Amino acid sequence: MGWKAAEKLVRHWKILRGDNVMIIRGKDKGESGLIKRVIRSQNRVIVEGKNLVKKHIKQGEGHTGGIFSIEAPLHVSNVQVLDPVTGKPCKIGYKYLEDGTKVRFARGMNASGAVIPRPEILKERRKPRPTSLGPKDTPIELALEKTYDANAGIGMPDL
């Protein structure tokens, strides 16, 4: 069972990984949870512990088989972010504060207009940066070496 790529992709994603959302359609309608993963190529999101389906896995080397419950992706139109003040689902808008920072805010009929904070989980990298230099990495001393100076004529190309 595979998913096809979406025909029409969502251009401006307002739902982020780590957002607290409520499912507004489907078998888990009315339940809320955190977004575990965003699949932009399919316009889908995975919500923690929701939309569980049974997956039959064949036994193989190093693992046992059986029937497992996994979280299936939901279409992004079937979830809405929860307003941090009222706790009800709302739409998301963007605005600029007085200091010039761009923030998300709750908008809609029953929304409070409160700022929706960016999830803390987005500050962590999914793949940590390597700490040691590899064979193709340039040493820092060579990268910081000044090889061009227009005033002194160093590094100027011969025309």
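Since the structure is predicted, the reported quantities are computational estimates derived from the model, not experimental observations.

Comments concerning the overall build of the chain
Right, on to step 1. Scanning the chain from N- to C-terminus turns up 1 helix and 10 strands.
Right, on to step 2. Going from the N terminus to the C terminus, the chain shows its helices and strands as β-β-β-β-β-β-β-β-β-β-α.
Right, on to step 3. The globule rule puts the C-alpha radius of gyration for 159 residues at 15 Å, and the 24 Å found for the chain is more than 25% above it.
Right, on to step 4. For the chain, the spread of C-alpha atoms along the three principal axes comes to 70 × 60 × 30 Å.
Right, on to step 5. Buried positions account for 25% of the 159 residues belonging to the chain.
Right, on to step 6. By sequence separation, contacts in the chain at least 24 residues apart represent 44% of the contacts at least 6 residues apart.

Side note on the nonpolar core
Right, on to step 1. Formed by 15 residues in total, the largest nonpolar core has its most connected members in Ile15, Val21, Val45, Val79, Val81 and Ile116.
Right, on to step 2. Not counting the four nearest positions on each side in its chain, Val45 is found in contact with Trp13, Ile35, Arg37, Val38, Pro73, Leu74, Val76 and Val79.

Details of the layout of surface pockets
Right, on to step 1. Taken as a whole, the largest pocket encloses approximately 320 Å³ of empty space.
Right, on to step 2. Around the largest pocket sit 15 residues that line it, and Lys14, Ile15, Val76, Val79 and Gln80 are the ones nearest its centre.
Right, on to step 3. Residue composition of the lining of the largest pocket, by class: 8 nonpolar, 4 polar and 3 charged.
Right, on to step 4. If you add up the space inside the second largest pocket, you get close to 150 Å³.
Right, on to step 5. Around the second largest pocket, the lining comprises 13 residues; the ones closest to its centre are Gly18, Asp19, Asn20, Ile116 and Pro117.
Right, on to step 6. Partitioned by chemical class, the residues of the lining of the second largest pocket number 6 nonpolar, 2 polar and 5 charged.

A closer look at the pattern of salt bridges
Right, on to step 1. Across all of its chains, the model carries 4 salt bridges by this definition.
Right, on to step 2. As a salt-bridge pair, Lys50 and Glu31 come within 3.2 Å of each other at their nearest N and O atoms. Residue Lys50 is found in the loop between β3 (44-47) and β4 (52-57), and its partner Glu31 is found in the loop between β1 (20-23) and β2 (32-39); the two are separated by 19 residues along the sequence.
Right, on to step 3. A salt bridge links Glu71 to Lys36, with the shortest nitrogen-to-oxygen separation between them at 2.9 Å. Of this pair, Glu71 sits in strand β5 (residues 66-71) while Lys36 sits in strand β2, placing them 35 residues apart in sequence.

Here we look at the pairing of β1
Right, on to step 1. Two strands pair when backbone bridges link them, and β1 and β2 are joined in this way by 3 bridges, in the antiparallel orientation. Opposite Asn20, over in β2, you have Leu34 as the bridge partner.
Right, on to step 2. Two elements, β1 and strand β7 (residues 79-82), share 3 bridges in a ladder whose sense is antiparallel. When the sheet's bridge partners are listed, Ile23 is paired in β7 with Val79.

What counts, and where the lines are drawn
- Residues numbered from 1 in each chain as written.
- Predicted model: local features only at pLDDT ≥ 70, side-chain atom pairs only at ≥ 80, totals over all residues.
- Heavy atoms only, no water.
- Helix = DSSP H or I, 4+ residues; strand = E, 2+ residues; numbered from the N terminus.
- Rg over C-alpha atoms; globule rule 2.2 N^0.38 Å.
- Buried < 20%, exposed > 50% of the residue type's maximum accessible area, 1.4 Å probe, protein only.
- Contact = heavy atoms within 4.5 Å.
- Core = buried A, V, L, I, M, F, W, Y, C linked by side-chain atoms within 4.5 Å.
- 1 Å grid on protein atoms, 1.4 Å probe; cavity = no way out; pocket = protein on both sides within 12 Å on 5 of 7 lines; lining within 4 Å.
- Points joined across faces, edges and corners; volume = space filled by probe spheres on them.
- Nonpolar A, V, L, I, M, F, W, Y, C, P; charged D, E, K, R; others polar.
- Salt bridge = Lys/Arg side-chain N within 4 Å of Asp/Glu carboxyl O.
- Pairing = 2+ DSSP bridges.

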